[in-house]
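Examining the three-dimensional arrangement
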Number of protein chains: 2
Amino acid sequence: MKEKILQELKSHAGFYISGEEISGSLQVSRTAVWKYINQLKDMGYVIESQTKKGYRLVESPDSLLPQEMKGNINTEVIGQNLKFFEQVDSTNLYAKRIAEGGFEDGTVIMADEQLNGRGRMGRTWASPKGKGIWMTIMLKPKISPADASKVTLLTACAVCKAIEEISGLYTQIKWPNDIVLNGKKLCGILTEMSAEIDEINYLIIGIGVNVNIDLEDFPHELQAIATSIKIEKGDMIIRKELAAAIINNFERYYKGFIMTGSIKDYINEYKERSAILGKEVRVTSSTLELQGTVVDISEEGQLQLELCDGSIKEIISGEVSVRGLTGYIS
Amino acid sequence: MKEKILQELKSHAGFYISGEEISGSLQVSRTAVWKYINQLKDMGYVIESQTKKGYRLVESPDSLLPQEMKGNINTEVIGQNLKFFEQVDSTNLYAKRIAEGGFEDGTVIMADEQLNGRGRMGRTWASPKGKGIWMTIMLKPKISPADASKVTLLTACAVCKAIEEISGLYTQIKWPNDIVLNGKKLCGILTEMSAEIDEINYLIIGIGVNVNIDLEDFPHELQAIATSIKIEKGDMIIRKELAAAIINNFERYYKGFIMTGSIKDYINEYKERSAILGKEVRVTSSTLELQGTVVDISEEGQLQLELCDGSIKEIISGEVSVRGLTGYIS
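Anyway, here's the lowdown on the structure attached to this text. (Residues numbered from 1 in each chain as written. Chains lettered and ligands numbered in written order. Predicted model: local features only at pLDDT ≥ 70, side-chain atom pairs only at ≥ 80, totals over all residues. Heavy atoms only, no water.)

**So, the interface of chain B and chain A**
Contacts between chain B and chain A engage 23 residues on the former and 22 residues on the latter. For the pair chain B and chain A, the two sides together bury roughly 1,800 Å², of which 51% comes from carbon and sulfur. Contact with chain A buries area across many residues of chain B, yet M193, E196 and I197 of chain B alone supply 33% of it, more than any other trio. Across the contact surface, chain B and chain A share two salt bridges. The partner of K96 of chain A in a salt bridge is E100 of chain B, with the nearest N and O atoms 3.2 Å apart. (Contact = heavy atoms within 4.5 Å. Buried area = accessible area lost by both parts, 1.4 Å probe. Salt bridge = Lys/Arg side-chain N within 4 Å of Asp/Glu carboxyl O.)

**Re the side chain of K240 of chain A**
Along the polypeptide, K240 of chain A turns up in helix α8 (residues 239–260). Apart from the residues within four sequence positions on either side, K240 of chain A is in contact with D62, S63, L64, E68, M69 and N72 of chain A. (Helix = DSSP H or I, 4+ residues; strand = E, 2+ residues; numbered from the N terminus.)

**So, the packing of helix α1 (residues 2–11) of chain A against helix α3 (residues 30–42) of chain A**
All names here are of chain A. Contact geometry of α1 with α3 gives a least axis separation of 10 Å together with a crossing angle of 85°. The orientation of α1 with respect to α3, classified from their angle, is roughly perpendicular. Contacts between α1 and α3 involve K2, I5, L6 and L9 from the former and V33, Y36, I37, Q39 and L40 from the latter. Residues of the contact of α1 with α3, tallied by class, amount to seven nonpolar, one polar and one charged. (Axes fitted to C-alpha atoms, helices over the stretch in contact; angles between N-to-C directions. Parallel < 35°, antiparallel > 145°, perpendicular 65-115°, else oblique. Nonpolar A, V, L, I, M, F, W, Y, C, P; charged D, E, K, R; others polar.)

**Topic: the environment of G318 of chain B**
Residue and element names in this part refer to chain B. Note on placement: G318 falls in the loop between β13 (312–315) and β14 (319–324). Exposure remark for G318: the relative accessible area of 3% places this residue in the buried category. As for G318 and S29, which are separated by 289 residues in sequence, their C-alpha atoms are 60 Å apart. When sequence neighbours within four positions are dropped, the list of residues in contact with G318 reads R120, W175, P176, V283, T284 and S285. (Buried < 20%, exposed > 50% of the residue type's maximum accessible area, 1.4 Å probe, protein only.)

The structure is reproduced here in C-alpha cells:
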C-alpha cells in the first residue's frame, strides 16, 4: 500500500492530492493514508501536508526502492524482477538461498545495507547503510562453468561504463574483478555459481560499489586502499541512477555475450581499462608466487604473465600487486 | 534413545538383556524401553522378548542407519559424519540446503527413499524405498571448478571397485558418469558444486545405485535400459556393506587425488572399465551432434572422438549412444 500511495503522489508530481482522493482510489481509510504518509516521511520522502489541499511530494530520498528504480531501467530481462531490502546479511547469500527454489532469469537483489557483505575468498566487504550499491544479478545462462569467468569480465566493463555515464569518472579494472580509481578500490565483483560438471544451474553476480561513502566511513585498515565516487568526485551522486545504469549496461553486454558465446567484442575495452596491463606485478595465491610483466589478458579472462626468463605463464587465479616506487602495492 | 537401546542389544549379540538392565543403564523407564523396542521391531529388527529374560536381538534388517553402517566404515574423513533419512526429496537437494550454513568435510547423507531423486540435467531418478543406495558425499576440496570433473571420474572408479568387492560383479563406466552392466544402467553419479570463478566453495557427489530392485519395480520406460545388482546377480546383497565399501573406496581414491592434484593413477583403471572406448558412438548435446570413434579419455575426463575425416574432436559434455547391430543404443 505504501508503494501505491507513493505512486499516487508521484503521478501528481509537484501538485497536491487530497487524502480523500487517495483514500477513494486505493480503497483504504484516510487514517491509513495518513499512517503510510508518515512512514514515507520516515524513509526520507519530503511530503507537505496542508488542510483542505492534501499532500504534495516535494522531494524523494536517494532510495533504491523498486518504484524509484523502475523509471530509470530500460531493459527487457535484467532487473525486471527487482527485490529490495533495507537490510540483508548479503545479497549474494540471499540470492543463493532463494535460487534452488527457482527464480526469474535476470532477477536483481538490492539492499540498502549488508550486515555480512563478502568479497572473494570469504573476505568481509564493508557495506554501510544508504551509501553504496550492494546488488546481485541472478542468471541462468546455458553455458559451461568454464565460461563463467567471461561474465565477470563483461560485468567489469559494464560497471565501468555505468560509472562513467553517471559520474564522469573514468575507472580502471584490476584483474580479475576489482574496479579501481587512482589505484584504490571502488567496486568489487563476486561471481558465484551452482553447477554440474558441464552445465551451470545458476550464476549470481554480486556487485558492490562504494558510492557516497566518506573516507571516515571505511574501517581504518581500508582507508589507504579503498575509495568512493563521492571521495573522488567531491560530490554525491544519486544511487538509483547509477544502479539503473549498471543494470542497463549489464544487459547490453550480457546479451551480446549470450548471442555470440564470446566476449571478443569486449576484450579490447577490458584491456584498455586494465590497471595492470604492461605493468610489473607480483601474483600470489595459495599455490604460487610469481613476478613478471602482464603482457596480455585472454578472452577467457586469464592473465598472460611474462616471466624474467622470457617465458609466458598463464594465470587463472591469484592476487595481483603492482610494482611501485616503494615496492609492490596491492 | 532408540539408537542407544539398539546399541545395548547389539553389545549383547545373541544373548538376552533384561528391560530392567537397559532401563537402568540408559536412565529411562521400562515402559519407554518397551516403546522403543516396538519401534525397532517396526523398522524390521527381529527382537525376541521373554518374561524374566528380557530382550534378544535375533536379526537386523538391511538398514542404512549410522549405527548399522559404522562397523563397516574404516575411513578417516568420509562418512565420519553420517546423516540418514527414511525419506528425503533428494540427498543432493538436502546437501545443498545445509551446505551454505557450513558442514563437516566428508559428511555423507543417506536416504532409504528419495521422493524427488534426480539425475543429470534435472532428469528423474527412480529411488524406491529400501532397495537402493541413495547417497551424497559432501566435500570442500581446495581445487578449481575445472577440476571437479576429475572427482566424478574417480568416484566412478571407486563405486565400480566397491560393487566388485561386495557382489563380485564387474561393472563398466559409460562416459561421463554412468555405471553399466550388460549395457544397462546400474548406477548414476551426479556431481554438483557451488563455486567462485577459480575456487570451489563445496562439491557434492550424489551416487544412486540400484541394489535390490526387481525389474518390475522400475518404471516401464526404464525396464529395457536399467538394471540392478539383484537382477544381474540373482541374489540380494546387504546394502550397508555396499554403502560402506563405496565410502571406504571413495576415501582412498579421493585422498590420492587431493595429495597429488591429479588422477593419473586412476585413468588407466577408468579406461579399462570404459564401456565406450574404441567403440563407434554418436554424441549429442544441445549444441552438437557428432559420430565417431572414441579413441581416448583424457585425465580431465574429456572424450577424444575421431571423426570420419580422421580429425580428433575433444568433447566436454554430451549424451553418448553406442553403435550396435540395429543402430545407436543409449
